[in-house]
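Listed below, chain by chain, are the residues.
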Amino acid sequence: MDKQKAKMIVDKEHKLAEVDPRLYSSFIEHLGRAVYGGIYEPGHPEADESGFRQDVASLIQELRVPLIRYPGGNFVSGYNWEDGVGPVESRPKRLELAWRTVEPNEVGTNEFIRWAKGIDSDVMMAVNLGTRGVDAARNLVEYCNHPGGSLYSDMRIGHGFKEPHRIKTWCLGNEMDGPWQIGAKTATEYGRLALEAAKAMRWVDPTIELVACGSSSRAMPTYAEWEATVLDHTYEQVDYLSLHTYYGNHDGDTANYLAKSLDMDHFIKEIVAVCDYIKAKKRSKKTIHLSFDEWNVWFHSNESDKKLEPWQIAPPQLEDIYTFEDALLVGSMMITLLKNADRVKIACLAQLVNVIAPIMTENGGKAWRQSIFYPFLHASLYGRGTVLIPIVSTPRYDSKEYTDVPVLDTAVVYNEQNEELVIFAVNKSLEGELLLESDVRGFADYRIKEHLVLENADLLAKNTAQESDQVRPHNRGNAQVESGVLQAALPALSWNVIRLGRTAAAHS
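Only a predicted model underlies this, so the values are computations on that prediction, with no experimental measurement involved.

**Q** Provide a residue-level description of the overall build of the chain, including the pertinent values.
**A** Along the chain, the regular secondary structure elements total eleven helices and 25 strands. A globule of 508 residues ought to have a C-alpha radius of gyration of about 23 Å, and the chain, at 23 Å, matches this closely. Each principal axis of the C-alpha atoms in the chain carries an extent, and together these give about 70 × 60 × 55 Å. The proportion of buried residues among the 508 residues of the chain is 61%. Relative to all contacts within the chain whose residues are 6 or more apart in sequence, the contacts with residues 24 or more apart total 77%. Counting 54 positive and 71 negative side-chain charges, the chain places the centres of these two groups 4 Å from one another.

Right under this line is the structure:
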């Protein structure tokens, strides 16, 4: 059988958009062991004086996460933010209805923001538009952002935080179209509430930016109509519209599973179309961008979660142990976000620690990197700069749900400041390696710096506390450049990062 071949032309003048660093953001919700037993575990050997685990913080810092969405998620729709501020010993324990646990409120707004700043991340704060509304939202903005001299800003100062937190980005609720959501709304109900909350929040602090809730998934019965109605109300008051999606491989069909990044791409392009329809309808000069603030693989833990006893504190919920196969799809989803970087400005891998996360911990024990850690890491480290639009010729295949699935999934990022060109590529072929030939004559004085490869003979290989390096990348890829042509053999079912840099001789 002849080896499969793909061709590509890369031109530095064929630009899509600058990558917003917030494309590499994440999410921590008060859910499972994300907070308690995840980032925060007093008494752990690695805990600092505030109870936050430094081993976990170090792994997060490796990922260079610029923004972390908090505190939810479904949790926020029943959350009273006042429960999580002030003296810890006087904070109430609450029944948490979204995930049927008990919330001890040991970690709240101030603790989380201080922790995030310590790992060089900003916070994207969500307000409760489920059980609460305009009043609680504007008060939280005042508490976080107003310098002083008012009830809630002075309350913050009294809690030991003299300087305002200056939270820039705010989510107007979470998944308000979902019947599972506490205080779910129709599109009209939510649109009206989001508009009024946005107005009041901006009156407190005109410098903030706001994210309105889009559909909870592309499968929602109100999909697209929801976005149109919500934006009809909120268009001039919000800056972003949110998208959420998760994928799984319940039937073990690898070819179909890896094709699901196409669904993500369709989702983005359809919602862009709705945003631009409302722009046209309102004859607005403003463009709404997207915040894909929940995305990941999520399916491994579904059955075990059904068996958990309710009303525990920080039970092991949504603890997907990811496989090498999952890492391939996460890589393709990351590529999809890059290929839509002209409209997707914020994206949050959901979530960050223990809960459907790239990082796992043991209570009292170690922390380790899951398989999906690596494609996210590589994209965050090397996917900053300008997304280019390559001309790609690739073999294609059909799967159970999708047709014309590209075997080569690729995004190209040019970092002019660092004089680096990076090709991200997933070979989705089950048949064998894919020979990639790329015309890079526009980068004539660039040479291969590194060809990272994530591959594994076992699609179901996973990293665990006992064996934490079963899935890890190597830098033995065989990419080479000669006379302006890059050639590389991409192993079957592999994630690849090919980095080219300008040669020292070119500077002389």
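**Q** Can you tell me about the packing of aromatic side chains, naming the residues and giving the values?
**A** What characterises a pair of aromatic rings is the spacing of the ring centres plus the angle enclosed by the ring planes. Evaluation of the coordinates by the stated rule reveals 17 aromatic pairs. Aromatic side chains Tyr-70 and Phe-112 sit 3.8 Å apart centroid to centroid with 5° between the ring planes, which places their arrangement in the stacked category. In this pair, Tyr-70 is assigned in strand E4 (residues 67-70) and Phe-112 in helix H2 (residues 109-118), connecting sequence segments 42 residues apart. A residue is classified by how much of its surface remains accessible, and Tyr-70, at 0% relative accessible area, is buried.

**Q** Help me get a handle on the packing of helix H10 (residues 324-339) against helix H11 (residues 373-382), residues and values and all.
**A** Remark: H10 packs on H11, axes separated minimally by 8 Å, with the N-to-C direction vectors making an angle of 25°. If you check the angle between H10 and H11, you find them roughly parallel. The two elements H10 and H11 cross, and the hand of that crossing is right-handed. Between H10 and H11, the residues in contact are Ala-327, Val-330, Gly-331 and Met-334 and Pro-375, Phe-376 and Ala-379, respectively.

**Q** Would you mind going over the environment of Gln-61 in detail, with residue names and values included?
**A** Tracing the sequence through the fold places Gln-61 in helix H1 (residues 54-63). Along the backbone, Gln-61 and Ile-119 are 58 residues apart, and their C-alpha atoms lie at a distance of 6.1 Å. With near-sequence residues (within four places) excluded, Gln-61 lies in contact with Gly-118, Ile-119 and Asp-120.

**Q** Which residues make up the packing of helix H3 (residues 134-145) against helix H4 (residues 151-158), and what are the values?
**A** The interhelical angle for the contact between H3 and H4, taken along N-to-C directions, is 45°, at an axis separation of 7 Å. When the axis of H3 is compared with that of H4, the two are oblique. Helix-helix and strand crossings are classified by hand; for H3 and H4 the assignment is right-handed. Here Asn-139, Glu-142, Tyr-143, Cys-144 and Asn-145 of H3 come into contact with H4, specifically with Leu-151, Tyr-152, Ser-153, Met-155 and Arg-156. The residue makeup of the contact of H3 with H4, split by class, is five nonpolar, three polar and two charged.

**Q** Which residues make up the pattern of salt bridges, and what values go with them?
**A** Should the charged atoms of two oppositely charged side chains come close, the side chains can pair. Applying the stated rule across the entire model yields 34 salt bridges. Two residues, Asp-265 and Lys-269, come together in a salt bridge whose shortest N-O distance is 2.9 Å. Of the two residues, Asp-265 and Lys-269 both sit in helix H8 (residues 261-281), four residues apart, roughly one turn of that helix. A salt bridge links Glu-420 to Lys-449; its shortest N-O distance comes to 2.6 Å. Residue Glu-420 is located in strand E20 (residues 420-427), and its partner Lys-449 is located in strand E22 (residues 446-454); the two are separated by 29 residues in the primary sequence. The class of Glu-420 is buried, set by a relative accessible area of 7%. Within the structure, one salt-bridge network assembled from shared partners comprises Glu-420, Lys-449, Glu-450 and Arg-499.

Definitions and cut-offs
- Residues numbered from 1 in each chain as written.
- Predicted model: local features only at pLDDT ≥ 70, side-chain atom pairs only at ≥ 80, totals over all residues.
- Heavy atoms only, no water.
- Helix = DSSP H or I, 4+ residues; strand = E, 2+ residues; numbered from the N terminus.
- Rg over C-alpha atoms; globule rule 2.2 N^0.38 Å.
- Buried < 20%, exposed > 50% of the residue type's maximum accessible area, 1.4 Å probe, protein only.
- Contact = heavy atoms within 4.5 Å.
- Lys, Arg positive; Asp, Glu negative; His and termini not counted.
- Charge placed at Lys NZ, Arg CZ, Asp CG, Glu CD.
- Phe/Tyr/Trp six-rings, centres within 6.5 Å; stacked < 30°, edge-to-face > 60°.
- Axes fitted to C-alpha atoms, helices over the stretch in contact; angles between N-to-C directions.
- Parallel < 35°, antiparallel > 145°, perpendicular 65-115°, else oblique.
- Left-handed = near helix turned anticlockwise from the far one by under 90°.
- Nonpolar A, V, L, I, M, F, W, Y, C, P; charged D, E, K, R; others polar.
- Salt bridge = Lys/Arg side-chain N within 4 Å of Asp/Glu carboxyl O.

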